[in-house]
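# Analysis of the macromolecular model
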Amino acid sequence: MPAPMIPYELPRRDVSWQLDRAEKLFDEMAGRRSCRHFSDRPVDRQVIEQAIAVAHTAPSGANRKPWRFVVVDDPAIKREIRLAAEAEERESYDRRMTADWLNALEPLGTNWEKPFLEIAPFLVVIFRLDSQMVEGRMQRSYYPIESAGLASGFFLMACHALGLATLTHTPSPMNFLREILGRPSTEKPFLLIPVGYPADDCVVPDLEKKPLAEALQWNRQ
Ligand code: IYR
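Here the structure is a predicted model, which means the values were calculated and not measured.

### As for the environment of A148
- On the secondary structure map, A148 appears in helix α6 (residues 144-161).
- C-alpha of A148 to C-alpha of E88: the two residues are 60 residues apart in sequence and 23 Å apart in space.
- Here A148 is in contact with W67, R128 and F190, once residues within four sequence places are set aside.

### Structural notes on the nonpolar core
- Among the nonpolar cores identified, the biggest contains 23 residues, and I48, F69, V124, F155, I193 and V195 are the most heavily contacted of them.
- Mapped by element, the contributors of at least two residues to this core are α2 (45-55), β1 (67-72), β2 (122-129), α6 and β6 (187-196).
- Looking at this core element by element, the count peaks at six residues for α6.
- Those residues within four positions of F69 in sequence are excluded, and the remaining contacts are I52, A55, V124, V125, I126, A151 and F155.
- In this structure, C35, A84, L117 and F127 belong to the second largest nonpolar core, which totals 20 residues.

### With respect to the sheet that holds β6
- Spatially, the four strands line up as an open sheet ordered β1-β2-β6-β5, and their pairing is antiparallel. Each edge of the open sheet carries a strand with a single partner, namely β1 and β5 (165-166).
- Here β2 pairs with β6 via eight bridges, running antiparallel. Within the sheet, the bridge partner assigned to F122 lies in β6 and is V195.
- Here helix α3 (residues 75-96) sits on the sheet and contacts β1, β2 and β6; the angle it forms with β1, its principal contact strand, is near 110°.
- Packed onto the sheet, α6 meets β1, β2, β5 and β6 and runs at close to 10° relative to β6.

### Topic: α2
- Among the residues of α2, those classed as buried are I48, A51, I52 and A55. Viewed along the axis of α2, the buried residues span an arc of 100°, placing them on a single side of the element. Relative to its buried face, α2 has exposed residues pointing more than 90 degrees away, namely Q46, E49 and Q50.

### Quick word on a nonpolar patch on the surface
- A cluster of nonpolar side chains, namely L212, L216 and W218, defines an oily patch on the protein surface of about 420 Å² accessible area.
- Mapped onto the fold, L216 is located in the segment after β6.
- L216 gets classed as partly exposed once you look at its relative accessible area, which sits at 44%.

### Description of α6
- In this model, α6 (18 residues) spans 26 Å end to end at C-alpha, consistent with the 26 Å of a helix rising 1.5 Å per residue.
- Residues of α6 that are buried: P144, S147, A148, A151, S152, F155, L156, A158, C159 and H160.
- On its buried face, α6 is in contact with α1 (15-30), α2, β1, β2, β5 and β6.
- In the stretch just after α6, G163 is the one whose phi turns positive, near 80°.

Rules and cut-offs
Residues numbered from 1 in each chain as written. Predicted model: local features only at pLDDT ≥ 70, side-chain atom pairs only at ≥ 80, totals over all residues. Heavy atoms only, no water. Helix = DSSP H or I, 4+ residues; strand = E, 2+ residues; numbered from the N terminus. Contact = heavy atoms within 4.5 Å. Core = buried A, V, L, I, M, F, W, Y, C linked by side-chain atoms within 4.5 Å. Buried < 20%, exposed > 50% of the residue type's maximum accessible area, 1.4 Å probe, protein only. Pairing = 2+ DSSP bridges. Axes fitted to C-alpha atoms, helices over the stretch in contact; angles between N-to-C directions. Arc of directions from axis to C-beta. Patch = residues over 30% accessible without salt bridge, like charges linked within 9 Å, V, L, I, M, F, W, Y side chains within 5 Å. Areas by Shrake-Rupley, 256 points an atom, 1.4 Å probe, with all protein chains shown as cover. Salt bridge = Lys/Arg side-chain N within 4 Å of Asp/Glu carboxyl O. Expected span 1.5 Å × (residues − 1).

Here it is, written out as structure tokens:
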């Protein structure tokens, strides 16, 4: 049965308001960087829950919201995650990643060591749900990867807007997260996101960014 329809309105904005707002939003988001040097300064649990509430407003296939956000702040679990991630990362850096891949990562200065997994106050593990219980039976999800990606983007933006640093970390393979966190096999680890504040001496690489003109096209080429 179709859901009842309710009015949907947005405030009317003129172009100068939109361009002014766009500039401010651009400046704010362009200031977001992936953080690999976290402070151990705590973050209030309510703040991270609010950021997840924002992520949970993201659109999704058939409105099924096929994601789960697991927040880890237990030091013993963070340590388990660090050790398991580093074991996979060591294997990846030493054997699994291609020379091209290692070359592409060189400007970032990353390696297999991931101390931030213990230092950041929260590790947020986003799972994508390939199926889930709906109306009392297991049903498949629609576009779970796209949906989880959308919710992840909303989450990163919410964290940044709340003054929190994040890293989209993808130790590979990530199945250890499902085991450590006790999630069922229908839930696939999607991203591991440390959240917190940058360390006082945090630095980020000064990277050249791909020009927007290479990413934007009007109509046909
Ligand atoms: N997962 C590894 C390697 C890595 C891969 C990509 I693609 C990055 O943008 C950054 C790192 C690591 O986290 O070190």
